[in-house]
Each structure stands twice: as C-alpha cells, then as structure tokens.
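These are the residues of each chain, in order.
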Amino acid sequence: MSDAVFPYIILASTSPYRRELLQRLRIPFETISPQVDETPFADEQPRQLARRLAEAKARAVAELHPDAVVIGSDQVADLHGKSLGKPLQHDRAVTQLRAMRGQTVVFHTAVAVVCLARQHTEVDVAQVSVTFRDVDTGMSDEEIESYLRLEQPYDCAGSAKSEGLGIALLARIQNDDPTALIGLPMIKTCSMLRAAGVPLLTGARA
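We now turn to the structure provided with this report. (Residues numbered from 1 in each chain as written. Predicted model: local features only at pLDDT ≥ 70, side-chain atom pairs only at ≥ 80, totals over all residues. Heavy atoms only, no water.)

**Quick look at the pattern of salt bridges**
Alright, step 1. Summed over all chains, the structure comprises 8 salt bridges.
Alright, step 2. For glutamate 44, the salt bridge is made with arginine 52, and the minimal N-O distance between the two is 2.7 Å.
Alright, step 3. Close ionic contact of arginine 98 with aspartate 141 constitutes a salt bridge, the shortest N to O distance being 3.3 Å. Of this pair, arginine 98 sits in helix 3 (residues 90-100) while aspartate 141 is found in helix 4 (residues 141-151), placing the two residues 43 residues apart along the sequence.
Alright, step 4. When its relative accessible area of 38% is taken as the criterion, aspartate 141 is described as partly exposed.
Alright, step 5. Through salt bridges with shared partners, a single network forms among Glu38, Lys57 and Asp74. (Salt bridge = Lys/Arg side-chain N within 4 Å of Asp/Glu carboxyl O. Helix = DSSP H or I, 4+ residues; strand = E, 2+ residues; numbered from the N terminus. Buried < 20%, exposed > 50% of the residue type's maximum accessible area, 1.4 Å probe, protein only.)

In structure tokens form, the structure reads like this:
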C-alpha cells in the first residue's frame with residue numbers, strides 16, 4: 001500500500017521507547033509532543049490517571065491534526081494504590097526503588113487511539129505486575145546506587161528499565177503483553193489501529 005493512501009498516523013509522544021516499539025510495525029508515522037498537564041487529580045487512582053492522560057495526550061494532538069490517527073499513551077507505577085511517576089532526579093529514584101524492595105508493583109500502561117475525522121476514540125489499559133527483589137537478593141542500597149549510576153532511568157515510571165539492566169532488580173513479571181512494561185502495549189495498540197482503519201500487515205514496509 002502506498003503512503004498516499006495510508007492513514008496519517010501520529011504518535012503523541014517523544015518517548016524513544018514508545019517510538020521504537022511502534023517502529024516494529026513498519027508503518028509510517030510521525031511523533032509530536034503533546035502539551036498536556038500530567039498533574040494527578042486529588043485522590044485519582046493510578047489506573048485512572050494513566051487512562052486519563054493517555055486519552056488527553058491523543059486528543060491534544062488530534063485537535064491539531066483532525067484527519068490523523070493519533071496514538072497516546074501513559075504509564076503509572078502503582079505501589080499499593082500510590083502513584084509512582086518518573087523520578088527525573090537521582091534522589092527520587094533512590095527513594096522509589098527502596099520503597100519497592102520486596103514489593104509487587106502494578107504498572108498501568110494506557111493507550112488511546114483517536115481520530116476526530118472518523119469520530120473514533122478507543123482507550124484501554126494493560127496491567128503488568130512486577131515483583132522486585134528484596135535487600136538480600138539483589139536490591140541492597142549499594143546495588144540500587146550502582147544500577148542508577150549505570151543506567152540512569154530517570155525518565156521511567158518506577159525508576160527501572162526492564163528491557164535493560166533493570167531486569168536484575170526483578171524477581172518476577174506477570175503480564176499478558178510484555179511490551180506494556182516498556183511503555184506501549186502493542187497487542188492492544190494493534191487491535192485499536194485496526195479498528196481505526198489502519199492496515200497493519202498489508203501496509204507494512206519491507
């Protein structure tokens with residue numbers, strides 16, 4: 001299928017992780033940074049926050065490009081009902097990882113696909129349960145410091161990259177879509193893109 005008839009697709013994110021995941025589909029797309037306030041509402045639950053922000057990001061870009069099929073996504077780490085966002089700073093990352101030692105954290109990764117011209121909106125959330133090691137099995141203060149110094153995952157919710165060295169911090173992962181933990185649940189994304197009229201396999205580039 002030629003680009004002339006292929007739907008205009010925009011990833012409403014500048015995350016290199018989400019861009020790399022979407023590139024696996026071999027379809028043409030652009031990336032645009034959504035201008036969205038990510039401050040949680042009072043008493044907003046982690047899953048609700050991820051879902052709201054994913055749709056808000058997609059809609060913010062769709063309003064500027066109404067003919068486009070826009071993908072928005074957001075991830076929130078959930079530690080016993082408390083939202084853990086991107087630490088951005090070393091000290092915050094240390095605090096997050098210490099709090100997660102020996103705990104199971106649920107990562108809510110939401111994806112939204114919006115096309116205003118087609119009046120199409122779909123939003124869903126993938127959940128991944130991640131059990132972190134405790135002090136005696138791979139998450140001592142020294143190991144946390146070493147990990148953060150080596151990988152510097154300050155732009156990742158929960159302060160760890162499972163696709164990188166962060167896997168050494170984990171005891172177990174339970175999920176039905178491993179890409180969700182990286183930042184974009186591709187199984188759900190593929191289903192949503194098809195529903196929005198995007199031909200995936202027949203439109204993929206060699």
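**Some points on helix 4**
For the α-helix, the turn length of 3.6 residues means that residues three or four positions removed from each other point alike.
Alright, step 1. All of the buried residues along helix 4 are Ile144, Tyr147, Leu148 and Glu151. Axial view of helix 4: buried residues confined to an arc of 95°, hence all on one face. When the buried face of helix 4 is taken as reference, the exposed residues oriented beyond 90 degrees from it are Glu142, Arg149 and Leu150.
Alright, step 2. If you follow the buried residues of helix 4, they end up packed against helix 3.
Alright, step 3. Glutamine 152 sits one or two residues past helix 4 and shows a positive phi near 50°. (Arc of directions from axis to C-beta. Contact = heavy atoms within 4.5 Å.)

**A word on the packing of aromatic side chains**
Alright, step 1. Tallied over the entire structure, the rule returns 0 aromatic pairs.
Alright, step 2. One Lys or Arg, arginine 52, reaches over the ring of phenylalanine 41 and ends 3.7 Å from the middle of that ring. (Phe/Tyr/Trp six-rings, centres within 6.5 Å; stacked < 30°, edge-to-face > 60°. Lys NZ or Arg CZ within 6 Å of the ring centre and 35° of its normal.)

**Overview of the packing of helix 3 against helix 4**
Alright, step 1. Axis separation between helix 3 and helix 4 bottoms out at 10 Å; the angle between their running directions is 135°. In terms of orientation, helix 3 and helix 4 fall into the oblique class. Seen from above, helix 3 lies across helix 4 with right-handed handedness. Facing His90, Ala93, Val94, Leu97 and Arg98 of helix 3, the residues of helix 4 in contact are Asp141, Ile144, Glu145, Tyr147 and Leu148.
Alright, step 2. For the contact of helix 3 with helix 4, the per-class residue count stands at 6 nonpolar, 1 polar and 3 charged. (Axes fitted to C-alpha atoms, helices over the stretch in contact; angles between N-to-C directions. Parallel < 35°, antiparallel > 145°, perpendicular 65-115°, else oblique. Left-handed = near helix turned anticlockwise from the far one by under 90°. Nonpolar A, V, L, I, M, F, W, Y, C, P; charged D, E, K, R; others polar.)

**Side note on the nonpolar core**
Alright, step 1. The biggest cluster of nonpolar side chains holds 24 residues, and the ones touching the most others in it are Ile71 and Leu193.
Alright, step 2. Looking at this core, the elements with two or more residues in it are strand 1 (9-11), helix 1 (16-23), strand 3 (69-79), strand 5 (104-115) and helix 6 (186-195).
Alright, step 3. Contact partners of leucine 193, with chain neighbours within four places excluded, come to Leu25, Ile27, Val69, Ile71, Val113, Val198 and Leu200.
Alright, step 4. Phe132, Tyr154, Leu170 and Ala180 belong to the second-largest nonpolar core, a separate cluster that totals 23 residues. (Core = buried A, V, L, I, M, F, W, Y, C linked by side-chain atoms within 4.5 Å.)

**A closer look at the layout of surface pockets**
Alright, step 1. In this model, the largest pocket occupies a volume close to 630 Å³.
Alright, step 2. Lining the largest pocket are 35 residues, and of these Arg18, Gln75, Lys86, Asp155 and Ala157 sit closest to its centre.
Alright, step 3. Residue assignment for the lining of the largest pocket shows that the elements contributing at least two residues are helix 1, helix 2 (46-62), strand 3, strand 4 (82-84), strand 6 (120-132) and helix 5 (179-182).
Alright, step 4. In terms of residue class, the lining of the largest pocket is made up of 18 nonpolar, 9 polar and 8 charged.
Alright, step 5. Approximately 190 Å³ is the volume attributed to the second largest pocket.
Alright, step 6. Taken together, Leu79, Lys82, Ser83, Leu84, Gly85, Lys86, Pro87, Arg92, Thr95, Gln96 and Ala99 make up the lining of the second largest pocket.
Alright, step 7. Secondary-structure elements contributing two or more residues to the lining of the second largest pocket are strand 4 and helix 3.
Alright, step 8. When residues of the lining of the second largest pocket are assigned to their parent elements, the largest contribution, 4 residues, is made by helix 3. (1 Å grid on protein atoms, 1.4 Å probe; cavity = no way out; pocket = protein on both sides within 12 Å on 5 of 7 lines; lining within 4 Å. Points joined across faces, edges and corners; volume = space filled by probe spheres on them.)

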